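The residues making up each chain are set out below.
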There are 4 protein chains.
Amino acid sequence: MPDVQSSTDLRHIPIERVGIRGVRHPMLVAGGDGQPLPTIGQWELTVALPAHEKGTHMSRFVALLEKSRTTALTPALFCDLAREMLPLLNAQKGDITVHFPYFINKTAPMSGVTSLMDYELTWVARAAENGVAFELSVLVPVTSLCPCSKAISEYGAHNQRSHVTVTVALDDLSSLDIDGLIRSIEKEGSSELWGLLKRTDEKYVTERAYENPKFVEDLVRDVAGQVRKLPGLTSYRVQAENFESIHNHSAYAVVEG
Amino acid sequence: MPDVQSSTDLRHIPIERVGIRGVRHPMLVAGGDGQPLPTIGQWELTVALPAHEKGTHMSRFVALLEKSRTTALTPALFCDLAREMLPLLNAQKGDITVHFPYFINKTAPMSGVTSLMDYELTWVARAAENGVAFELSVLVPVTSLCPCSKAISEYGAHNQRSHVTVTVALDDLSSLDIDGLIRSIEKEGSSELWGLLKRTDEKYVTERAYENPKFVEDLVRDVAGQVRKLPGLTSYRVQAENFESIHNHSAYAVVEG
Amino acid sequence: MPDVQSSTDLRHIPIERVGIRGVRHPMLVAGGDGQPLPTIGQWELTVALPAHEKGTHMSRFVALLEKSRTTALTPALFCDLAREMLPLLNAQKGDITVHFPYFINKTAPMSGVTSLMDYELTWVARAAENGVAFELSVLVPVTSLCPCSKAISEYGAHNQRSHVTVTVALDDLSSLDIDGLIRSIEKEGSSELWGLLKRTDEKYVTERAYENPKFVEDLVRDVAGQVRKLPGLTSYRVQAENFESIHNHSAYAVVEG
Amino acid sequence: MPDVQSSTDLRHIPIERVGIRGVRHPMLVAGGDGQPLPTIGQWELTVALPAHEKGTHMSRFVALLEKSRTTALTPALFCDLAREMLPLLNAQKGDITVHFPYFINKTAPMSGVTSLMDYELTWVARAAENGVAFELSVLVPVTSLCPCSKAISEYGAHNQRSHVTVTVALDDLSSLDIDGLIRSIEKEGSSELWGLLKRTDEKYVTERAYENPKFVEDLVRDVAGQVRKLPGLTSYRVQAENFESIHNHSAYAVVEG
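Residues numbered from 1 in each chain as written. Chains lettered and ligands numbered in written order. Predicted model: local features only at pLDDT ≥ 70, side-chain atom pairs only at ≥ 80, totals over all residues. Heavy atoms only, no water.

1. Points about the pattern of salt bridges
Here is step 1: Applying the stated criterion across every chain yields a total of 103 salt bridges over all chains.
Here is step 2: The closest approach of N and O atoms between Glu186(A) and Lys106(A), which form a salt bridge, is 3.0 Å. Here Glu186(A) is found in helix α4 (residues 178-186), whereas its partner Lys106(A) is found in strand β4 (residues 94-107), with 80 residues between them in sequence. Take Glu186(A) and Lys106(A): they sit in the same class, and that class is buried.
Here is step 3: Among the charged side chains, a network of salt bridges with common partners joins Asp9(A), Arg11(A), Lys54(A), Glu188(D), Lys214(D), Asp218(D), Arg221(D) and Asp222(D). (Salt bridge = Lys/Arg side-chain N within 4 Å of Asp/Glu carboxyl O. Helix = DSSP H or I, 4+ residues; strand = E, 2+ residues; numbered from the N terminus. Buried < 20%, exposed > 50% of the residue type's maximum accessible area, 1.4 Å probe, protein only.)

2. Section: the UniProt feature "site: May be catalytically important" (unreviewed entry) in chain A
Here is step 1: Within the UniProt annotation, "site: May be catalytically important" (unreviewed entry) is assigned to Cys146(A).
Here is step 2: You can see Cys146(A) is positioned in the loop between β6 (131-145) and α3 (147-152).
Here is step 3: In this view, Cys146(A) contacts Ala157(A), His158(A), Pro213(A), Lys214(A), Phe215(A) and Glu202(B); residues no more than four positions away in its chain are not counted. (UniProt positions renumbered as here; feature names shortened; annotations may be inferred. Contact = heavy atoms within 4.5 Å.)

3. Some details on the relation of the copies chain C and chain B
Here is step 1: Structural alignment of chain C on chain B gives an RMSD of 0.0 Å, achieved by rotating through 180° and translating 0.0 Å along the axis. A rotation of that kind, with that shift, is consistent with a two-fold axis. Rotation axis and chain C: the residue whose C-alpha lies nearest the axis is Arg237(C), separated from it by 11 Å.
Here is step 2: Counting the interface residues of chain C, we find that 100% of their copies in chain B are interface residues as well, pointing to one common contact surface. (Least-squares fit on C-alpha atoms with pLDDT ≥ 70 in both.)

4. What about the interface of chain C and chain B?
Here is step 1: Residue-level contacts link 53 residues of chain C with 53 residues of chain B.
Here is step 2: When chain C packs against chain B, the two sides together hide about 4100 Å² of surface, and 56% of this comes from carbon and sulfur.
Here is step 3: Of all residues in chain C, the largest losses of buried area upon contact with chain B belong to Arg21(C), Arg221(C) and Tyr252(C), amounting jointly to 20% of the total for that side.
Here is step 4: At the boundary of chain C and chain B, one finds ten salt bridges.
Here is step 5: In this assembly, chain C and chain B are joined by 34 residue pairs in polar contact (both at pLDDT 80 or more).
Here is step 6: Every element with two or more residues in the side of chain C that touches chain B is listed here: β1 (15-30), β2 (36-49), α1 (58-68), α3 (147-152), α6 (216-227), β8 (233-242) and β9 (250-256) of chain C.
Here is step 7: Ranked by residue count, the leading element in the side of chain C that touches chain B is β1(C), at nine residues.
Here is step 8: Split by residue class, the side of chain C that touches chain B holds 27 nonpolar, eleven polar and 15 charged. (Buried area = accessible area lost by both parts, 1.4 Å probe. Polar contact = N/O pair within 3.5 Å; in protein donor to acceptor, adjacent residues only side chain to side chain. Nonpolar A, V, L, I, M, F, W, Y, C, P; charged D, E, K, R; others polar.)

5. Notes on the environment of Ser191(B)
All names here are of chain B.
Here is step 1: Of note, Ser 191 is situated in the loop between α4 (178-186) and α5 (199-211).
Here is step 2: For Ser 191, a relative accessible area of 2% translates into the label buried.
Here is step 3: Distance in space between the C-alpha atoms of Ser 191 and Ser 144 is 6.9 Å, their sequence separation being 47 residues.
Here is step 4: With near-sequence residues (within four places) excluded, Ser 191 lies in contact with Val 142, Thr 143, Glu 186, Val 205, Arg 208 and Ala 209.

6. Structural notes on the pairing of β2(C)
In summary, the side chains of a regular strand alternate between the two faces of the sheet.
Residue and element names in this part refer to chain C.
Here is step 1: Extensive coverage of β2 is indicated by the burial of eleven of its 14 residues.
Here is step 2: Bridging between β1 and β2 involves 13 bridges; their strand directions are antiparallel. Residue pairing in the sheet places Gly 19 in a bridge with Thr 46 of β2.
Here is step 3: Direction of pairing for β2 relative to strand β4 (residues 94-107): antiparallel, over a ladder of six bridges. Each bridged residue has a counterpart across the sheet, and for Val 47 the counterpart in β4 is Gly 94. (Pairing = 2+ DSSP bridges.)

7. So, unusual backbone geometry
Here is step 1: We note that His12(B) has phi near 60°; this positive angle belongs to a residue other than glycine.
Here is step 2: Accessibility expressed as a relative area gives 64% for His12(B), which makes it exposed.
Here is step 3: Phi at Asn90(C) takes a positive value of approximately 55°, unusual for a residue other than glycine.
Here is step 4: By the secondary structure assignment, Asn90(C) is in the loop between α2 (75-88) and β4.

8. A word on the packing of helix α1 (residues 58-68) of chain B against helix α2 (residues 75-88) of chain B
Residue and element names in this part refer to chain B.
Here is step 1: Relative orientation of the contacting elements α1 and α2 amounts to 145°, with a least axis distance of 11 Å. Between α1 and α2 the crossing geometry is right-handed. Across the interface between the two elements, Arg 60, Phe 61, Leu 64, Lys 67 and Ser 68 from α1 touch Leu 81, Glu 84, Met 85 and Leu 88 from α2.
Here is step 2: Here the residues of the contact of α1 with α2 sort into five nonpolar, one polar and three charged. (Axes fitted to C-alpha atoms, helices over the stretch in contact; angles between N-to-C directions. Left-handed = near helix turned anticlockwise from the far one by under 90°.)

9. So, the interface of chain D and chain A
Accessible area lost upon the coming together of the parts is a frequently used measure of interface size.
Here is step 1: Facing the 53 residues of chain D at the interface are 53 residues of chain A.
Here is step 2: Counting the surface lost from both chain D and chain A, the interface buries some 4100 Å², and carbon and sulfur atoms represent 56% of this.
Here is step 3: On the chain D side of the interface with chain A, the three residues burying the most area are Arg21(D), Arg221(D) and Tyr252(D), jointly 20% of the side's total.
Here is step 4: Taken together, the links from chain D to chain A amount to ten salt bridges.

Take a look at the structure:
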């Protein structure tokens, strides 16, 4: 049976990344409480292909993914997966990206009732012969309340759900605390969100947001102030998007460093 | 060249609807100001297929769509298109659905500056030998401000963007005023939205919403009160979804009649 | 603290459904192999609200959801959840919908290698005082190969990924076999799909599709033929959408019964 | 009325980009035939904000957008818009991005019938005091037919819709021909797509794809070969995603230069 992928390519064009994308697979993440958290990942696995090789071997990516699904993944084990991919694909460089919902059990501020909040995490591992670079993104929804609206109005102030997305590159994973990072981000909203709030909590949340107005500019600056404290940080990006309650579009800001 | 679609089918299963879907095409809509409004439609065109026919002729749907694109469509002309489709496809029944963004030029409440607001319209025409039934859906974004949050809090009240979606079946299109319908829906929000607001407008909008709190239940009831007044109405559905600023999920309500 | 939701409403408009939507929550499904399958659900929980009641109590929906998440849900237990919701919300009628990815471990046709395939399930339970009605939808991706293209071409035939979505209402859940239903649907594609295929499998799949051409009309008819055999079936709908490889739109068909 | 945005910020954190996002607005594009093509844009307009400024003035972005909508935009006029934004916002740097569907009237290969094909364009203009950098992305859907599947099978070969996305940075817009670029990209698919095909065309397209098999690696290499010829090119990226008809995931490749 001919092996077309293994033939020689004469176009002299190396391929930065080739592989599979949009693979939906169950996965286990090592949760903040030490328990494996089952979730569903959207995976992309690619390798660099030298100019003289015609094609990669797509089925080997899926086989690697199948093997990994009973392991409770940490960022470090995820980097190992990228490292392991290189010899399987005879590649010098390779990247794995996974995007998945993540949950933290939160306690309401007054009533003490508990409920899950959902976040979105993305992990990227870029493996080369000299090591693996790791990047983490987390999308944290918060409330933002407009300082201008508050200052100019007799009463009330428009507020809305906002998405804060923090992306960090880290050269030391040993002290990475994902739950801690998420909590430090949501503390910088006008208010944080909860899945379940009783009336005493709703009063607290409403007043807290009113006492704590923030522009989209304030959100990215204050979150950047927290992110800069992360041990092992090599670069970061903080984005915030406010789904404005008075417009049909968003306010948006980015700080990078 | 064999015509497989035209052969006889022996499975004795009639097909309710078969055709094309997800066709993106430029279109002209007759706007509220009498000017043709250019927009982009997502089209679905289908016909009923009797049990003994193997297949329909897909290319004829696209040909019909090509012909229609220089006409400024009204609901009545859209119904004509569905009527015209039946003989082209040798069909007894056929449906056309188009979904498109729609724009109204609005004037800010205090400063008087003008800007566009965008809405989403869906038109459905269901043609049969005895006539064409027409259905209109419109998605109108508004602000909702929570009455409970206002009542229990010392100051402030959580508010957010909400989507109000009204679907109406009408047996008389002669007095249908789409801009008027949209305006009557957005008046029932805690506040309506604008693309462009100056600071005096923002003060107005903030105070207006605070003076006019509405639960998702209030939204659907108040909008239903308006919709019921439409001439020629045979049935309706009002949905509202509030993208809660204190949770990461929505409040949602439906009234039908 | 005032309880605004519990006040009396004077608009005389009952609300068909009001509650929460877009709640993302981890869940356990009783898998075909008897093992609980962890997945992530998108939930909507609503109740009917009589004309004289101003509002429902949103937080009770979330509390119910929190309670359910450690149970491996079957359709029957899911119906129990809807039944349990009615007294919690003081409601006469109430609906729960959940949409989630579902996985089956499949064996490649020639090499015998195993891998997961992902599907999308939706469960709907509609509870009233006289019982709970259950509806299941499943989206199954398959290959479709065009009979016309095969018949008129010297060699080759265009083929593409297709989504077959089957919705069934059942009045007897005792013999419902979701994995069996999915497998019976995918057997009706020109070919079924797998996550992982070796070259011998790819040869098999390619030839199988070429030997077995189907229009979108054939897909819905043949799948309907399978679905009609389900015990306890009260109504069904079969939809197929072919993401045509020769166009930038889909062919689409629906059979209902 | 206080102007909170204009107060002084003490956090010493400059903001890379702040503005509005997700604004949907009608627009005119100068089409390949010299006629203005009406379409709908998704806009993002942002500026850099120095560390000592608290906030930008969001409403000025919308005002700029309102002004632009009756102009048939070329890439050069779009760059002018970004240049014009800087003094309006008192900014040193600013970016505008717009994403919109674009259409070309194509002629079927055998029958000669004409129909529209839809593509997606993204334009980015990055203005600074020393000039404006322009970047263009275009998403072109094509057919890809698998060389391995063809080589190992007795008959047939799996094929599918693929998205080829080309991103180019150009320092000379004078000879930019968007329609020509799109046409040169789609020629590199196993076959190009059309909105409307008669049976003689379908035979041509089927046989053409079978005679011209391409891996995702071939697609990006062959398209890169075309893109490299563009006058004024400073950098490029070619991505291809094949929505595999035998799997429920994509094959994906990227070439950069």
